[in-house]
Amino acid sequence: MTSHHNRRQFLKKSGRLTVTAAATLLMGNGGGISALATASSAPDLVAVKNGEPHALFDAAIKAAGGMGRYVQKGQTVVIKPNIGWNREPEYAANTNPALVQRIIEHCVNAGAKKIYVFDHSVDHGQRCYKSSGIESAAKSSGALMVPGDHERYYQEVVVPGGQKLKKTKVHELILESDVYINVPVLKHHGSSGLTLAMKNQMGVVWNRGEYHWRGLHQCIADFCRFRKPDLNIIDAYRITLRNGPQRAGADDVVMKKTLLLSPNIVAIDAAAAKIFGKDPQDISHIYYGHHGGIGNMDLNGLNIKRITLPG
Amino acid sequence: MGVFGLFILAFMGIEWISLSPATRFLSRLQAIPALLGLLSGRLPAFFFILVLLALTLLFGRIYCAVICPLGILQDGVIFLSRKSRRFRKGYRKSTPGLRYGILALTIVSISAGTTLLADAIDPFGVFGRISVHLLRPIAIMINNTLVFTASQFDIYSFSPVTARQIPVAVFWVTYAWFILVMFFSFFHGRQYCNTICPVGSLMGILSKFSWFNFVLDPDRCTQCGACGRQCRAGCIDVRHHQVDHSRCVSCFDCADVCPESAVAFTRAHKRETAGDPDPHRRRFIRTTLATGAGALVLGAPARSILNGSPASNPPAAATAPGSLGIDRFTNTCSACHHCISVCHTHVLQPTVFEFGVAGMFQPKMDFSSGRCDYTCNKCGGVCPTGAIQPLPLARKQRTQIGIVDFLKDKCIVNLYKRDCGACIEVCPTHAVYGIAEKNIRYPTLKKEVCIGCGACENVCPVMPKAIIVKPNIVHDVADPPYFQDGGEKIQVDRTDDPFPF
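In short, a report on the structure. (Residues numbered from 1 in each chain as written. Chains lettered and ligands numbered in written order. Predicted model: local features only at pLDDT ≥ 70, side-chain atom pairs only at ≥ 80, totals over all residues. Heavy atoms only, no water.)

## A short note on the overall build of chain B
Of the regular secondary structure elements, chain B holds 23 helices and ten strands. The proportion of buried residues among the 501 residues of chain B is 56%. Sequence-distant contacts, at least 24 apart, represent 73% of the contacts inside chain B between residues at least 6 apart. A total of about 22000 Å² of accessible surface is found on chain B, and carbon and sulfur atoms cover 64% of it. (Helix = DSSP H or I, 4+ residues; strand = E, 2+ residues; numbered from the N terminus. Buried < 20%, exposed > 50% of the residue type's maximum accessible area, 1.4 Å probe, protein only. Contact = heavy atoms within 4.5 Å. Areas by Shrake-Rupley, 256 points an atom, 1.4 Å probe, with all protein chains shown as cover.)

## Looking at the pairing of strand 1 (residues 45-49) of chain A
All names here are of chain A. In terms of residue burial, strand 1 counts as a mostly covered element, since five of its five residues are buried. Across five bridges, the pairing between strand 1 and strand 12 (residues 304-308) is parallel. In the strand pairing of strand 12, alanine 47 is matched with arginine 306. In this structure, strand 1 lies alongside strand 11 (residues 253-262), joined through four bridges in antiparallel fashion. Paired with valine 48 across the two strands is leucine 259, which belongs to strand 11. (Pairing = 2+ DSSP bridges.)

## Focus on helix 8 (residues 96-111) of chain B
Because an α-helix completes one turn every 3.6 residues, residues spaced three or four positions apart along the sequence face the same direction. All names here are of chain B. Across its 16 residues, helix 8 extends 22 Å between first and last C-alpha, which sits within 8% of the 22 Å expected from 1.5 Å per residue. What helix 8 keeps buried is the set Pro96, Arg99, Tyr100, Ile102, Leu103, Ala104, Thr106, Val108, Ser109 and Ile110. Looking one or two residues beyond helix 8, the residue adopting positive phi is glycine 113, at roughly 105°. (Expected span 1.5 Å × (residues − 1).)

## So, the pattern of salt bridges
For side chains bearing opposite charge, pairing can occur when the charged atoms are close. Residues and elements named next belong to chain A. All told, the structure shown has 26 salt bridges over all chains when counted by the stated rule. Between glutamate 52 and lysine 257 there is a salt bridge, with the nearest N and O atoms lying 3.7 Å from each other. Highlighted residues: glutamate 52 in the loop between strand 1 and helix 2 (53-63) and lysine 257 in strand 11, separated in sequence by 205 residues. Overall, lysine 257 belongs to the partly exposed group, its relative accessible area being 22%. For glutamate 210, the salt bridge is made with arginine 214, and the minimal N-O distance between the two is 3.0 Å. Of the two residues, glutamate 210 and arginine 214 both sit in helix 8 (residues 209-214), four residues apart, roughly one turn of that helix. Judged by relative accessible area, which is 11%, glutamate 210 ranks as buried. (Salt bridge = Lys/Arg side-chain N within 4 Å of Asp/Glu carboxyl O.)

## Things to note about the pairing of strand 1 (residues 212-216) of chain B
Residues and elements named next belong to chain B. For strand 1, the tally of buried residues reaches four of five residues, placing the bulk of the element in the interior. With five bridges connecting them, strand 1 and strand 4 (residues 263-267) associate as antiparallel partners. When the sheet's bridge partners are listed, leucine 216 is paired in strand 4 with valine 263.

## A word on unusual backbone geometry
The step from glycine 244 of chain A to proline 245 of chain A runs through a cis peptide bond, and the omega angle for that step is 5°. Here proline 245 of chain A shows up in the loop between strand 10 (231-240) and strand 11. Non-glycine residue histidine 241 of chain B carries a positive phi angle of around 55°. You can see histidine 241 of chain B is positioned in the loop between strand 2 (236-237) and strand 3 (242-243).

## Regarding the interface of chain A and chain B
Counting residues at the interface gives 65 residues for chain A, matched by 52 residues for chain B. Buried area between chain A and chain B, both sides added, is near 4700 Å², and the carbon and sulfur share of it is 51%. Of all residues in chain A, the largest losses of buried area upon contact with chain B belong to Arg127, Arg242 and Arg247 of chain A, amounting jointly to 14% of the total for that side. Where chain A meets chain B, there are four salt bridges. At the junction of chain A with chain B, the criterion picks out 18 residue pairs in polar contact (both at pLDDT 80 or more). Here the side of chain A that touches chain B gets six residues from one element, more than from any other, and that element is strand 11 of chain A. Residue composition of the side of chain A that touches chain B, by class: 25 nonpolar, 20 polar and 20 charged. (Buried area = accessible area lost by both parts, 1.4 Å probe. Polar contact = N/O pair within 3.5 Å; in protein donor to acceptor, adjacent residues only side chain to side chain. Nonpolar A, V, L, I, M, F, W, Y, C, P; charged D, E, K, R; others polar.)

Structure (structure tokens):
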């Protein structure tokens, strides 16, 4: 009786175990399959060259699986270009307005409820918004241009695990929007070597001066511990090779007709540094970002989609 | 009213109104600014002085009625005062001693080389400072409240404005003058204009000779006293059928209220009894001539005492591009603060003693507050005196108001061997640029291209600053912007390069 009972119990137990094990295996497998599927359809990094800004972006976002992968219907989106300087588009001190416009159009098509565009400009905000061409591009394509030059838009946040930047004030749109798209322009920068996606995030905080005295590169890397953009798009259509970031000479800006796209902020910066002709390790904030576990600057292990348009 | 509204909006710092041709014309037509402009040798000021002389000699003090914004402001107060029945009616005796004394003192002080007194009592300057320091903060507060309320509803069509703290002395002096003018006008009509204002006094003298004036017709006048009660200057002596033309501000109230049409605006001095010179006027002319001559002799020493910074020493702060240099600037500026209101970077701030007693309240370049925007030349555009001359942008971008100095031992990059470069980033001419050494960019100077805009000093994150602008005594011309590796051609089209990863 007892043995019988024991055997039944044993069978019951082992049966349950088998089911659980099978289920675990199946689910695990399933997860593995879907992860593989994602990897094959959505690359870690997309690089496109040889086209106009809108064509570059069309190709890049298509290769990344479409804007619908990042923006769901009814979501709010904040787009943060570089609008730091009171300069016209041909000087490439700011993000290309045609690119910003195309990104907005894709967000609209993906069903975004509201699309906001802003920067905490270095020069006078309104003048930068105007001369960069981004204000008119944004307004004409259905986005809202939001001021970034008043402290009341900024709220204090704690940077978890920040080494030098422990607290900072962040623009409320970054805190409130569902999707955050970071759109820097690739430029030489006299203070930091290069300005890229990680550095562009200096324009969502109020007190930039703090970065400079606490340690520029470490603070740039630290901020990513508070918030990483959902998507980074680097504009390398025109690039400033020397005397950046604001008033380079006529010979310093060249056509590169390239665009990078990645959700990985360190990887995209590493790729952009290479396009500029620099070793990513030499840009200290990329180095800190990589070793701080924020992202990956080693491009060898990544799934990169390279596209050359017919022109 | 139109003039008043225009100036109110202009002093709120609304760019397109401040720089509109109407504002530019009307602010240059202001008496003290035009006079100071003329004394500094501005040719357009000569034209405006001629216009003012012609207007006054034709129509009396019509200037005080329709051109002077402080006069119009007082008329508004007088209107309220009448509504509340506090207005003191009737003829008032004039106070020629005080009145011409202040005028004489103003003229003497200007010839002695200080615009201090003129700046303090100039009606345009008083109006400007009241608008910029008392009304504008309220306007900014209302604007920002609306902007931030609208932003709650996702409306971002308007931009907030950041206000700056001004020196307390500037606020209190402005406030005191505001109260003074309000008090005078509420209880005594145009008393400020007829006691303190040097423009009112000077034009009062001229008015006596003007072609048209108000005259009471003794044959028609029933001595009902309506005109005398209405007169905001209290200058109609009904009993003797006399109008004190030196105090009349040509407001036409008397003509409007007279039930018998006994008040006429007509060729007046024909009717005046000939050979009745005003003893006060004579005394004024005598005093002025004497003190003027004295001022010419004593001018130089007085100037050196009054001006805190004689031309041999650099001033404590730089002056705006277009002002040519500290001495010329302090001798020409009327401290109306219009430039301060349009300066969007807030680099222009009122001084207290930085330019000496003589230059009190005149605007300085305050690099702790802001920096001179490389792409802006608004201050020269709005200046009514020409103290800040309008500069085309290309010329402004080469105008050197000071020269950068680098204090290496305070600089973060040099102290801690790590990137900062705040100064490098903002320098518009690359007068401070980075030289990389072991992958750290060290600020390096190219002084001859520095224009002294103060961007570097403004953003330098250490205290005390590691990079500062030393003001020029006389403004200079900087070399064109400097470009590292300039001249080395880069292949224009690099789109054929393969992806480097």
